[in-house]
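Structural overview for review
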Amino acid sequence: MILFVNALTVIDFSYLCNKRGAVGESWIVDLTLHGKLNEESMVLDFGLVKKQIKGIIDQCIDHKLAIGNKINGSIENHGDYTTLDCTFGDDHHLAMSAPNQAYCLIDAEVVNEQSVIEFLIATIMPQLPSNIDKIEIELKPEHSKSFYYHYSHGLKKHDGNCQRIIHGHRSQIGIALDGMAMPRLQKQWADKWQDIYLATAEDQVSTSQLQHITATENDLCFAYTAAQGYFEMAISKARCDILPVDTTVECIAGYLAEQVKAQHPDSDVKITAYEGVAKGSICYA
């Protein structure tokens, strides 16, 4: 017997790529279970699928930085926290120190759809009832109706897992002037923020203030203490944009509205900013 649940959840996370650095991603999770009927004449109750399996996925990878085996650098555990130091692309640098739960270590050369699927299946199967013989997972991005960008960020004021300093999203962006969509402006901002780290100005620190990692002369540094612990990072200036506000989707929408309004003061501006899949914020200026 086969049971399926489409769009069970969305994984919002970042993964480390030797070419692109920290890449914010949002994947929709479709799940299929193969097994025998249990005493309730079910493969698995839909309520348990949505609660238990979604919970496992959230715990093991959602809102984390996923790292494979073949990175250009090192990752070291120090008890309660782990440090990362690596290079990527054209000699760009990234370093991070964070509590262990901010990382997802995947036993594969690279992090991609297939390696994450294999990781999730290996994590989920031992925790399912014995009547389930096999599970299949499909990961897919949202169908894009507009231009999109990959970004990573951290929200120190957030009570949940958004406080982790490098997690991210694959997000569409909508820009309209006087009620008319402006693909040129959408592409301009999507290109500007492709594979970007969006930082908050008040989180910026000097190199000397870093406690567990080292930075290069071309890095920008950020640090904060949140409910889950102490976080810090250093990243090449070319791969970071510092905003004067928190990087919540509401503030991103407001920031974009201000920037576009400054360029088009005589137009009514509408910004539709997404945070991953099917959620976001609208701001007018």
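Calculation rules
Residues numbered from 1 in each chain as written. Predicted model: local features only at pLDDT ≥ 70, side-chain atom pairs only at ≥ 80, totals over all residues. Heavy atoms only, no water. UniProt positions renumbered as here; feature names shortened; annotations may be inferred. Helix = DSSP H or I, 4+ residues; strand = E, 2+ residues; numbered from the N terminus. Buried < 20%, exposed > 50% of the residue type's maximum accessible area, 1.4 Å probe, protein only. Contact = heavy atoms within 4.5 Å. Areas by Shrake-Rupley, 256 points an atom, 1.4 Å probe, with all protein chains shown as cover. Lys, Arg positive; Asp, Glu negative; His and termini not counted. Charge placed at Lys NZ, Arg CZ, Asp CG, Glu CD. Pairing = 2+ DSSP bridges. Phe/Tyr/Trp six-rings, centres within 6.5 Å; stacked < 30°, edge-to-face > 60°. Lys NZ or Arg CZ within 6 Å of the ring centre and 35° of its normal. Axes fitted to C-alpha atoms, helices over the stretch in contact; angles between N-to-C directions. Parallel < 35°, antiparallel > 145°, perpendicular 65-115°, else oblique. Left-handed = near helix turned anticlockwise from the far one by under 90°. Nonpolar A, V, L, I, M, F, W, Y, C, P; charged D, E, K, R; others polar.

In the annotation of an unreviewed UniProt entry, the chain is listed under the name 6-carboxy-5,6,7,8-tetrahydropterin synthase and assigned to Pseudoalteromonas haloplanktis. The Sequence similarities (unreviewed entry) comment attached to the chain in UniProt states, word for word, "Belongs to the PTPS family. QueD subfamily." According to the UniProt record, the Pathway (unreviewed entry) comment for the chain is "Purine metabolism; 7-cyano-7-deazaguanine biosynthesis."

What the chain contains, in helices and strands, is four helices and 18 strands. For the chain, buried positions account for 53% of its 285 residues. Intrachain contacts of the chain at a sequence separation of at least 6 include 64% that bridge at least 24 residues. Put simply, the chain shows about 13,200 Å² of open surface, and 50% of that area lies on carbon and sulfur atoms. In the chain, the 23 positive side-chain charges and the 37 negative ones have mean positions that sit 4 Å from each other.

It is worth spelling out the pairing of strand E4 (residues 73-77) at this point. Where E4 and strand E5 (residues 81-88) come together, five bridges link them in antiparallel fashion. Residue pairing in the sheet places Ile 75 in a bridge with Leu 84 of E5. As consecutive antiparallel partners, E4 and E5 are separated by three residues, and within that stretch Gly 79 has a phi angle of approximately 95°, a positive value.

Evaluated as defined, the whole model comprises nine aromatic pairs. Ring centres of Phe 13 and Tyr 15 lie 6.2 Å apart, and the angle between their planes is 40°; on these two criteria the pair is classed as tilted. Here the two residues Phe 13 and Tyr 15 agree in accessibility, since each one is buried. With a centroid separation of 5.7 Å and an interplanar angle of 40°, the aromatic rings of Tyr 224 and Phe 231 are classed as tilted. Comparing Tyr 224 with Phe 231, the two get one shared label, buried. Just above the ring of Tyr 148 sits the side chain of Arg 170; from NZ or CZ to the centre is 3.5 Å.

A few words on unusual backbone geometry. A positive phi angle, close to 65°, is found at Ser 41, a residue other than glycine. By secondary structure assignment, the location of Ser 41 is in the loop between strand E2 (21-35) and helix H1 (46-60). Judged by relative accessible area, which is 56%, Ser 41 ranks as exposed. One non-glycine residue, Ala 278, adopts positive backbone phi at about 60°.

This part is about the pairing of strand E12 (residues 196-200). Burial runs high along E12: five of the five residues are buried. Here E12 shows two buried faces, one formed by Ile 196, Leu 198 and Thr 200 and the other by Tyr 197 and Ala 199. As paired strands, E12 and strand E16 (residues 240-243) are joined by four bridges and run parallel to one another. Across the sheet, the residue bridging to Tyr 197 is Cys 240, located in E16.

Turning our attention to the sheet that holds E4. Strand order across the open sheet formed by six strands is E4-E5-E6-E15-E14-E13, with antiparallel pairing between neighbours. A strand with exactly one partner marks an edge of an open sheet, and here the two such strands are E4 and strand E13 (204-205). As defined by bridge partners, strand E14 (residues 219-226) adjoins strand E15 (residues 229-236) across eight bridges and the pair is classed as antiparallel. By the bridge assignment for E15, Ala 226 is matched with Gly 229.

Let's shift gears to the packing of helix H3 (residues 183-192) against helix H4 (residues 249-263). Running from N to C, H3 and H4 cross one another at 125°; their axes reach a closest spacing of 13 Å. By the angle between their directions, the pair H3 and H4 is classed as oblique. Two packed elements cross with a definite hand, and for H3 against H4 that hand is right-handed. Contacts between H3 and H4 involve Leu 185, Gln 188 and Trp 189 from the former and Tyr 255, Leu 256, Gln 259, Val 260 and Gln 263 from the latter. Partitioned by chemical class, the residues of the contact of H3 with H4 number five nonpolar, three polar and no charged.

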